[in-house]
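Letter by letter, the chains look like this.
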Amino acid sequence: MGLFDFFRKSGNGAPKADPTLQMADLFHNQLQEGDTVEAMRYDLGRCRVVRLEKGYEYESLETGQRVSYLRMVDAITGLQKVKKIV
């Protein structure tokens, strides 16, 4: 699977989730709605995992900015570029 295979276009031009993507942090900790994580991208800081109709998003607890989970994929591992805060 190549770098760009993670983001497939759906019929309406929006990114379509790849079912092989894992909702897990860089250390393989499973993520679910409501978890708190430290984002490694986009200067989000601490975030909360939010579930929407189109998938998951990370909502920054500091700025309120939201980023799709598709943008947080580590291309090499397929894991989310976040660290779960336990």
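In what follows, the structure referred to is the one given above.
The rules behind the values
Residues numbered from 1 in each chain as written. Predicted model: local features only at pLDDT ≥ 70, side-chain atom pairs only at ≥ 80, totals over all residues. Heavy atoms only, no water. Helix = DSSP H or I, 4+ residues; strand = E, 2+ residues; numbered from the N terminus. Buried < 20%, exposed > 50% of the residue type's maximum accessible area, 1.4 Å probe, protein only. Contact = heavy atoms within 4.5 Å. Salt bridge = Lys/Arg side-chain N within 4 Å of Asp/Glu carboxyl O. Pairing = 2+ DSSP bridges. Axes fitted to C-alpha atoms, helices over the stretch in contact; angles between N-to-C directions.

(A) Local environment of the environment of Leu 31. Within the secondary structure, Leu 31 is located in the loop between strand S2 (15-16) and strand S3 (36-39). The exposure class assigned to Leu 31 is buried, which follows from its relative accessible area of 6%. Put simply, Leu 31 and Lys 83 are 52 residues apart on the chain and 9.7 Å apart in space, counted from C-alpha to C-alpha. Leaving out residues up to four positions away in the same chain, Leu 31 has contacts with Met 23, Ala 24, Asp 25, Val 37, Tyr 58, Gln 80, Val 82 and Lys 84.

(B) Quick peek at the pattern of salt bridges. Applying the stated criterion to the full structure yields seven salt bridges. A salt bridge links Lys 84 to Asp 35; the shortest N-O distance between them is 3.4 Å. Taken together, the residues span a long stretch of sequence, with Lys 84 in strand S7 (residues 82-85) and Asp 35 in the loop between S2 and S3 at a distance of 49 residues. With a closest N to O distance of 3.6 Å, Arg 66 and Glu 57 form a salt bridge. Here the residues in one salt-bridge network are Arg 48, Lys 54, Glu 57, Glu 59 and Arg 66, joined through shared partners.

(C) The arrangement of the pairing of S3 in detail. Only one face of S3 is buried, namely the one carrying Val 37 and Ala 39, since none of Thr 36 and Glu 38 on the opposite face is buried. Pairing analysis gives three bridges linking S3 to strand S4 (residues 46-52), with the strands arranged antiparallel. Each residue of the ladder has a partner; that of Val 37, found in S4, is Cys 47. Judged from the four bridges that link them, S3 and S7 form a sheet pairing that is antiparallel. Its bridge partner being in S7, Ala 39 is matched across the sheet by Val 82.

(D) Layout of the sheet that holds S4. An order of S6-S5-S4-S3-S7 is seen for the five strands of this open sheet, with the pairing classed as antiparallel. Where the open sheet ends on each side, the last strands, each with one partner, are strand S6 (66-68) and S7. Taken pair by pair, the neighbouring strands of this sheet meet at an average axis angle of 40 degrees, ignoring direction. As paired elements, strand S5 (residues 55-60) and S6 share three bridges and run antiparallel to each other. Looking across to S6, one finds that Glu 57 is bridged to Ser 68.

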